[in-house]
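# Structure at a glance
Listed below, chain by chain, are the residues.
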Amino acid sequence: MASKYKLIFTGLLIFISVQWTSAVSEEELHASYWNNKAKQALLSALNVQPNLHQAKNLILFLGDGMGVPTVTAARILKGQMAGKSGEETSLVMDTFPHLALSKTYNVDQQMPDSAGTATAYLCGVKANYGTLGVTAATPRYNCSATFGNEVMSVLHRAKLAGKSVGIVTTTRVQHASPAANYAHTANRGWYADSDLTTEAVQNGCRDIAYQLVHNTEINVILGGGRQYMFPRDMQDPEYPTYKGDRNDGQNLVAEWLKNKKNAKYVWNKADFDAVDPKTTDFLMGLFEPKDCRYELERDPSMDPSLTQMMEKAIQILSKNPKGFFLFVEDNGRIDHGHHGGRAKRALYEAVEFDRAIGRAAELTSELDTLSVVTADHSHVFAFGGYSARGNPVLGVSRSLAEDKKHFTTTVYGNGPGYQIVNGTRPDMNATVSSGNEYRQQAPVPLDSETHGIEDVAIFAKGPMSHLIHGVQEQNYIAHVLAYAACLDPYDDCKVPPPNHAGSIYPSLLLLLMGLLLLSLCSV
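What you see is a predicted model; the values in this text were computed from it and never measured.

## Description of the overall build of the protein chain
- In terms of regular secondary structure, the protein chain is built from 16 helices and 12 strands.
- Burial analysis of the protein chain (523 residues in total) assigns 52% to the buried set.
- Restricting to contacts in the protein chain with at least 6 residues of sequence separation, those with at least 24 account for 72%.
- Accessible area of the protein chain: about 22,500 Å², with a carbon and sulfur share of 57%.

Now the structure itself:
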């Protein structure tokens, strides 16, 4: 019997060894590889120079629910999708030179939500859980406390400064994160007038969809949320059984199109593709009644991807010689994937999000465009366990738990993945855990997994991006954006205008000297 177990153990070691060696390149076994890699990174760091000019354009990429474990897992998944082991891969956001941590708590809650946090990073003021575009003097659900406590977003201030502005999201455009760009409300759930309470109606509060059309003139609006824009007797163009949600009988899309030149509304991919940015100054595209579909489930013949929506938005907005502000959110669906305990959905959304960031870099210049990537909050999503190099992100640990069963390396601290029955849980394998509908196991049963409380990352590049540093309150982000573009209250910031002639990059001579230094050090 002892010899039998010895053979099994030896076989396991051989299996692990083969798996490890297949994922590790020969060069990584030598000190010179790591020393040269570090020297290259050091040289790049030494050459980083702050761009002290104004930002003509501002792009805020918001990963709803994209905590640091999600960033790490998405990075490895991106590499594995390209046929690599994954750990050595870089996300586009990883290449941004400036990094900070954001403290995400709401004024009244330790665990934040997407509304209070959006008010912080978009309007520059921390707020209460569930409220949008108002100070913490407005308790949630108290409509009458809204008036006089409104705060204005960077998007609104950019519009007042003459810039073009846009919102791109894979959620409904009335969702908490995008809505903080234009709405002021005591409850993030007041999507349509049919959602308003009696108190809200009596005190004259307006629903979020109404405010989308009437508060700030937004040039580009792309995402989901059709049903909140149309009356109850109006049939959805894609799903015959769906109708609008509005009690007031208003067609808010028609209202938005009114008195606008070169304006278009689309609801499908074909019409979206037909929009010519050169002849379009206003574009509203609502591709689903509520949220857009997950990237894993998206029908590319009917709905554009986040990257495609963002590209069209930049092409339209960049025609303005005064520049633009663009809010891009994907992690609304990353967030939803995590809430459902389905890591695969969340992580594939994160990879698409990074693809959009990369495409934006190709369409803009780092000389005049400040790009910031951050999250509103994290999730109780963890990524760990004993796993060899190159282990699938959605796979299982190489070791067994104390109950002699396998476990996944991606897990949740709570949520709908609770599977303990009579004190036992089901065994697991990589085939099951990599399925689109699989829920990672969780020790605490909840119908929806919760947000996390820890800090989230802020990545930045472009003019004034060096101001993103250290550990900051979340509302600091909006102030950096406003200061970089000399928007209210920093419209007298005296920052030099964008300078396309001057380059912040090191000279060719300096690069050659650095390469020479590296070659000498490696001898």
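That shown, we press on.
## Quick notes on the pairing of strand β3 (residues 164–172)
- Within β3, 9 of the 9 residues are buried, which leaves it mostly tucked inside the rest of the structure.
- In terms of strand pairing, β3 meets strand β4 (residues 220–224) through 4 bridges, oriented parallel. What sits directly across from Ile-167, in β4, is Ile-221.

## Quick look at the confidence of the model for the protein chain
- On average, residues of the protein chain carry a pLDDT of 91, and 90% of them reach 70 or more.
- Considering only residues more than four positions removed or in separate chains, one finds that residues 1–21, a stretch of pLDDT under 50, has 6 contacts.
- With pLDDT under 50 throughout, residues 501–513 is counted as low confidence; its partners more than four residues away or in other chains account for 9 contacts.

## A word on the state of the cysteines
- Taken as a whole and judged by the stated rule, the model has 2 disulfides.
- With a sulfur-sulfur separation of 1.9 Å, Cys-143 is cross-linked through a disulfide to Cys-205. The chirality of the disulfide connecting Cys-143 with Cys-205 is right-handed, given an S-S dihedral of about 100 degrees. Of this pair, Cys-143 sits in the loop between α4 (114–123) and α5 (154–160) while Cys-205 sits in the loop between α7 (198–202) and α8 (208–214), and the two are 62 residues apart along the sequence.
- Disulfides within the protein chain link the bonded cysteines, taken in sequence order, as 1-2, 3-4.
- No disulfide involves Cys-123; its nearest neighbouring cysteine sulfur is the one of Cys-205, lying 16 Å away.

## A short note on helix α13 (residues 343–363)
- Here α13 is 21 residues long and its end C-alpha atoms lie 31 Å apart, about the 30 Å a rise of 1.5 Å per residue gives.
- Among the 21 residues of α13, 15 are classified as buried, and the element is accordingly described as predominantly covered.

## Considerations on the packing of helix α11 (residues 306–317) against α13
- One can describe the packing of α11 onto α13 by two numbers: an axis separation of 8 Å at closest approach and a directional angle of 25 degrees. When the axis of α11 is compared with that of α13, the two are roughly parallel. At the point where α11 passes α13, the crossing takes the right-handed sense. Within the contact between the two elements, α11 uses Leu-306, Thr-307, Met-310, Glu-311 and Ile-314 and α13 uses Glu-352, Phe-353, Arg-355, Ala-356, Arg-359, Ala-360 and Leu-363.
- Residues of the contact of α11 with α13, tallied by class, amount to 7 nonpolar, 1 polar and 4 charged.

## With respect to the environment of His-336
- For His-336, the location among the structural elements is in helix α12 (residues 331–339).
- Among the residues examined, His-336 registers a relative accessible area of 17% and is labelled buried.
- For the pair His-336 and Gly-65, spaced 271 residues apart in sequence, the C-alpha separation works out to 8.4 Å.

## Let's talk about the packing of helix α3 (residues 68–81) against α13
- Interhelical geometry of α3 versus α13 gives an angle of 80 degrees and a closest axis separation of 9 Å. As far as their axial angle goes, α13 and α3 are roughly perpendicular. Across the interface between the two elements, Thr-70, Ala-73, Ala-74, Leu-77, Lys-78 and Met-81 of α3 pack against Leu-347, Tyr-348, Ala-350, Val-351 and Asp-354 of α13.
- Across the contact of α3 with α13, the residue classes tally to 8 nonpolar, 1 polar and 2 charged.

How each quantity is defined
Residues numbered from 1 in each chain as written. Predicted model: local features only at pLDDT ≥ 70, side-chain atom pairs only at ≥ 80, totals over all residues. Heavy atoms only, no water. Helix = DSSP H or I, 4+ residues; strand = E, 2+ residues; numbered from the N terminus. Buried < 20%, exposed > 50% of the residue type's maximum accessible area, 1.4 Å probe, protein only. Contact = heavy atoms within 4.5 Å. Areas by Shrake-Rupley, 256 points an atom, 1.4 Å probe, with all protein chains shown as cover. Pairing = 2+ DSSP bridges. pLDDT = per-residue confidence, 0-100. Disulfide = S-S within 2.5 Å. Expected span 1.5 Å × (residues − 1). Axes fitted to C-alpha atoms, helices over the stretch in contact; angles between N-to-C directions. Parallel < 35°, antiparallel > 145°, perpendicular 65-115°, else oblique. Left-handed = near helix turned anticlockwise from the far one by under 90°. Nonpolar A, V, L, I, M, F, W, Y, C, P; charged D, E, K, R; others polar.

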